[in-house]
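Observations on the model geometry
One-letter residues, chain by chain:
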Amino acid sequence: MSPLPDPQVRPTGVTPGSGGLVDRHGRTATDLRVSLTDRCNLRCTYCMPPEGLDWLPKVEQLTDDEVVRLVRIGVEQLGIREVRFTGGEPLLRPGLPGIVSATTALLPRPEVSLTTNAVGLSRMAPALAAAGLDRINVSLDTLDQARFKQLTYRDRLPDVLAGLKAAKNAGLTPVKINTVLLRGINEDDAVPLLEYCLEHGYELRFIEQMPLDAHHAWTRGEMVTADDILAKLTATHTLVPDVEERGAAPAERWLVDGTELTVGIIASVTRSFCGACDRTRLTADGQIRNCLFAREESDLRAALRTGASDAELADRWRIATLSKLPGHGIDDPSFLQPTRPMSAIGG
Ligand code: SAM
Ligand code: SF4
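In this numbering scheme, every chain counts its residues from 1 along its sequence in written order. Both sets of labels track the order of writing: A upward for chains, 1 upward for ligands. Selection of residues for local features in this predicted model requires a pLDDT of at least 70, selection of side-chain atom pairs for listing and counting requires 80 or more, and totals for whole chains, interfaces and linings are taken over all residues. Derived side-chain values reflect all non-hydrogen atoms in the structure, with water molecules and hydrogen atoms excluded from consideration.

Concerning the pairing of strand β11 (residues 262-266)
Each regular strand shows side chains that alternate between the opposite faces of the sheet. Basically, it comes down to this: Burial classes follow relative accessibility: with a 1.4 Å probe on protein chains only, a residue under 20% of its type's maximum area counts as buried, one over 50% as exposed, and anything between as partly exposed. Elements are defined by DSSP. Helices are runs of H or I of four residues or more, strands are runs of E of two residues or more, and each kind is numbered from the N terminus. Strand pairing follows a simple DSSP-based rule, namely that at least 2 bridges must link the two strands.
Counting buried residues along β11, five of its five residues qualify, which places the element largely inside the surrounding structure. What you see with β11 is no split at all: T262, G264 and I266 on one side and V263 and I265 on the other are buried throughout. In the sheet, strand β8 (residues 203-207) pairs with β11 via four bridges, with the strands oriented parallel. Looking at β11, one finds that F206 is bridged to I265. In terms of strand pairing, strand β10 (residues 252-256) meets β11 through four bridges, oriented antiparallel. Along β11, the bridge assignment pairs E252 with I265. Hairpin connection of β10 to β11: five residues between the antiparallel strands, including D257 at a positive phi of 50°.

Now the structure itself:
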């Protein structure tokens, strides 16, 4: 835990001991991303090296009860209205259904969703729906089995497609699909993925690749941009901007071929939306991060394990939020990639 910042620099009206998660730039975090594990059963090349990473020792990982306590503090004391469980791969966490049902029992009841690679989802979807999970996002970068294996180092495409179907059947809708395109590897999957989603009623969103890979191989020049993606899609489909209010939603959306169905692009790099960001993050080892790209964290686990009260934990979380930077700064010459990769932060 870093020392408390000088009270002189707190924004007007925000004092420890009251209120929500407000930063110095006037944004309020109401959307909590909780990473439940840093482990994964795939090795997406833009995320994790094929040999995996040094996983967190179990003792450093929050227990299910600790996760639920911090989520409860977020909801009851800090104005959190949406909770998304992620990882690593959150389906690898045995206590996931219990954590979901404890979260959906909170008041005011938050919206609860999950981001997953869907391996094993066909088995888990009914239990997650029964626990009250509202929605699901599945990551899928290709429909070609050989390319899936090349991209993830695992031959699991059939499991993912079965997981998608099970999520829809269990009512975890709208099912959204997240796709990252890599130049020269799966760019050609953009249109087939769109057509697959239109056919099955899934909502497709492309995510620009960000400098959050464990092996620091990202380069701006190699990245497939929102403009590149739009050019590919509009070569074969008609896209009309969706006029529905975007709010803090990261995806820009388009209506496809005169239908109600949409496709989105999350252009985190080329059209960043940091000014509207409403997120706060809790890592699997109990660190609060006020931004994906933050270089500092606030250790709630140590405080929690040494007897801090709910009010003290809430205060630490408020203080951690104050120092959120106005933007990720990827374009600044001084930009430094965070030490933790995406899989250990929680995407
Ligand atoms: N394992 C789960 C999954 O893949 O959905 C949840 C964790 S994963 C880190 C969450 C999301 O982050 C996925 O949609 C993945 O595609 C995305 N992601 C991972 N590394 C990324 C990167 N370097 N740039 C952009 N998105 C990334
Ligand atoms: Fe695992 Fe998700 Fe990272 Fe792929 S993107 S390696 S599924 S954590």
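The discussion continues.
Points about the sheet that holds strand β6 (residues 135-139)
We count it as follows: Should any heavy atoms of two residues lie within 4.5 Å, those residues are counted as being in contact. Under this scheme, a helix contributes an axis fitted over its contacting stretch, all axes are lines through C-alpha atoms, and angles between N-to-C directions fall in the 0 to 180 degree range.
Taken in spatial order, the twelve strands line up as β9-β10-β11-β8-β7-β6-β5-β4-β3-β12-β13-β14 in an open sheet, and their pairing is mixed. In this open sheet, the two strands that pair with only one neighbour each are β9 (239-241) and β14 (298-299). Along the sheet, helix α1 (residues 64-78) contacts β3 (31-35), β4 (82-86) and β12 (279-282); its crossing angle with β3, the most-contacted strand, is approximately 175°.

Quick look at the site of ligand 2
Convention followed: Any residue with a non-hydrogen atom lying within 4 Å of a molecule or strand is treated as near it. Classification convention: Asp, Glu, Lys, Arg as charged; Ala, Val, Leu, Ile, Met, Phe, Trp, Tyr, Cys, Pro as nonpolar; all other residues, Gly among them, as polar.
The full set of residues close to ligand 2 is C40, L42, C44, C47, G88 and N117. Of the residues assigned to the shell around ligand 2, the class counts are four nonpolar, two polar and no charged.

Quick word on the environment of G275
Considering the arrangement of structural elements, one finds G275 in the loop between β11 and β12. Its relative accessible area of 65% is what places G275 among the exposed residues. Residues G275 and E222, 53 residues apart in the sequence, show an inter-C-alpha distance of 26 Å. If sequence neighbours within four positions are ignored, G275 has contacts with R27 and P326.

Details of the site of ligand 1
The line we're drawing: Whenever two N or O atoms come within 3.5 Å, that pair is a polar contact, provided that in protein one can donate a hydrogen and the other can accept it, and provided that, for residues adjacent in sequence, both atoms are side-chain atoms. Per-residue and other accessible areas follow the Shrake-Rupley method at a 1.4 Å probe size, with only the shown protein chains counted as cover for residues.
Lining the immediate environment of ligand 1, one finds 18 residues, of which Y46, G88, E89, S139 and M210 sit closest. E89 places a polar side-chain atom, nitrogen or oxygen, 3.1 Å from a nitrogen atom of ligand 1. Interatomic distance of 3.3 Å between a backbone N/O atom of T116 and an oxygen atom of ligand 1. Taking 540 Å² as the accessible area of ligand 1 by itself, protein coverage stands at 96%.

A short note on the packing of α1 against helix α9 (residues 310-322)
Selection criterion: Any angle between 65 and 115 degrees counts as roughly perpendicular, while under 35 counts as roughly parallel, over 145 as roughly antiparallel, and the rest as oblique.
At their nearest, the axes of α1 and α9 sit 10 Å apart, and the two run at 75° to each other. Considered as vectors, α1 and α9 are oriented roughly perpendicular to each other. Of α9, the residues touching α1 (which contributes R69, L70, R72, I73, G74, Q77 and L78) are D310, A311, L313, A314, W317 and R318. Looking at the contact of α1 with α9, its residues break down into seven nonpolar, two polar and four charged.

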